[in-house]
Amino acid sequence: MAATELTLPEKSLGLSKGNKYSVQGEHQIPVLQTNNGPSLTGLTPVAAHLVKQANKEYLLGSTAEEKASVQLWLEYRVTQVDGHSNKDNIRTLLKDLNSCLEDKAYLTGFNFTLADILLYYGLHRFRVDLTVQEKEKYLSVSHWFCHIQHYPGIMQHLSIVLFIKNRRYTNSH
């Protein structure tokens, strides 16, 4: 994750620019230099700090179970999504994610959280390059992705990922 990618959640949370970001090491681990204390290192601590700065703690989960689920998905983003560019790895990741999203509107269930925001940003570069057939193969992921990209303030300058109506959608629109 490049330091510039951290400006995406910062903007989506409604924070004004002013945080100083950098990266550390060969894996480009994000670092936030805070004004009042030590720097924060790692995607999860930095993102959680931004959520608290924005007074949007509900994005970290509202129950103990949901908070644990948000942490699980943030760890998933760091360990499974970041650094993967092999198309076979991405297909496996999308297949697993598709299974997880079959009966959920959001990653943690029925509430939009920081996990949805960061996984959307992490997957965007891969979703843009998928063919229509590949997108249809992962219907639950496509439905979730389309929903998240239209959430207010999330997409920003990223290109929209187009989807066609398919068997998951009805003709009632």
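Residues numbered from 1 in each chain as written. Predicted model: local features only at pLDDT ≥ 70, side-chain atom pairs only at ≥ 80, totals over all residues. Heavy atoms only, no water.

Peer 1: What's the story with the nonpolar core in this structure? I'm lost.
Peer 2: Proteins that are soluble and globular tend to have nonpolar side chains buried together. Of all hydrophobic cores here, the largest spans 46 residues; its most connected members are Leu-97, Leu-119, Leu-123 and Trp-144. Of all the secondary structure elements, the ones that give two or more residues to this core are helix H2 (43-53), helix H3 (64-81), helix H4 (87-100), helix H5 (114-127) and helix H7 (139-149). If you tally residues by element for this core, the top one is H5, at nine residues. Apart from residues no more than four positions distant in its own chain, Trp-144 is found in contact with Leu-101, Ala-105, Tyr-106, Leu-107, Asp-116, Leu-119, Tyr-120 and Leu-123. (Core = buried A, V, L, I, M, F, W, Y, C linked by side-chain atoms within 4.5 Å. Buried < 20%, exposed > 50% of the residue type's maximum accessible area, 1.4 Å probe, protein only. Helix = DSSP H or I, 4+ residues; strand = E, 2+ residues; numbered from the N terminus. Contact = heavy atoms within 4.5 Å.)

Peer 1: Could you clarify how one ought to interpret the layout of surface pockets in this entry?
Peer 2: Empty pockets left among the atoms are what a rolling probe the size of a water molecule brings to light. The calculated volume of the largest pocket comes to roughly 210 Å³. Mapped onto the lining of the largest pocket, the elements with two or more residues apiece are strand E2 (29-33) and H2. With three residues, H2 is the largest single contributor of residues to the lining of the largest pocket. Here the lining of the largest pocket is composed, by residue class, of six nonpolar, five polar and one charged. (1 Å grid on protein atoms, 1.4 Å probe; cavity = no way out; pocket = protein on both sides within 12 Å on 5 of 7 lines; lining within 4 Å. Points joined across faces, edges and corners; volume = space filled by probe spheres on them. Nonpolar A, V, L, I, M, F, W, Y, C, P; charged D, E, K, R; others polar.)

Peer 1: It is not clear to me how the packing of aromatic side chains should be interpreted in this structure. Could you clarify?
Peer 2: In this description, a pair of aromatic rings is defined by centroid distance and the angle of the planes. Following the criterion strictly, the structure yields six aromatic pairs and no others. With a centroid separation of 5.1 Å and an interplanar angle of 70 degrees, the aromatic rings of Trp-73 and Tyr-76 are classed as edge-to-face. Of this pair, Trp-73 and Tyr-76 both sit in helix H3, three residues apart, roughly one helical turn. By relative accessible area, Trp-73 is classed as buried at 8%. Members of the aromatic cluster, joined through ring pairs, are Tyr-120, Tyr-121, Trp-144 and Phe-145. The side chain of Arg-127 reaches across the aromatic face of Phe-145, ending 5.5 Å from its centre. (Phe/Tyr/Trp six-rings, centres within 6.5 Å; stacked < 30°, edge-to-face > 60°. Lys NZ or Arg CZ within 6 Å of the ring centre and 35° of its normal.)

Peer 1: I keep staring at H7 and nothing clicks. Help me out?
Peer 2: Quick reminder: α-helices carry 3.6 residues per turn. Residues three or four places apart thus point the same way. For H7, the tally of buried residues reaches eight of eleven residues, placing the bulk of the element in the interior. Listed in full, the buried residues belonging to H7 are Leu-139, Ser-140, Val-141, Ser-142, Trp-144, Phe-145, Ile-148 and Gln-149. Those residues of H7 that are buried lie in contact with H4, H5 and helix H6 (132-137).

Peer 1: What exactly am I supposed to notice about the packing of H3 against H4 here?
Peer 2: Packed helix pairs are specified by the crossing angle of their axes together with the interaxial distance, meaning the distance between the axes. The N-to-C vectors of H3 and H4 enclose an angle of 165 degrees; their axes lie 12 Å apart at closest approach. Taken as axis vectors, H3 and H4 run roughly antiparallel relative to one another. Considering the relative orientation of H3 and H4, their crossing is right-handed. Along the contact surface, H3 presents Trp-73, Tyr-76, Gln-80 and Val-81, while H4 presents Leu-93, Leu-97 and Cys-100. The residue inventory of the contact of H3 with H4, partitioned by class, reads six nonpolar, one polar and no charged. (Axes fitted to C-alpha atoms, helices over the stretch in contact; angles between N-to-C directions. Parallel < 35°, antiparallel > 145°, perpendicular 65-115°, else oblique. Left-handed = near helix turned anticlockwise from the far one by under 90°.)

Peer 1: Sorry if this is basic, but what is going on with the pattern of salt bridges here?
Peer 2: Where charged atoms from two side chains of opposite charge approach closely, those side chains can pair. Under the defined criterion, the tally for this structure stands at two salt bridges. Arg-77 is the salt-bridge partner of Asp-82, the closest N and O atoms lying 2.6 Å from each other. Across this residue pair, the class does not change: Asp-82 and Arg-77 are buried. Here Glu-134 ties to Arg-91 by a salt bridge, and the two come within 3.4 Å at their closest N and O atoms. (Salt bridge = Lys/Arg side-chain N within 4 Å of Asp/Glu carboxyl O.)

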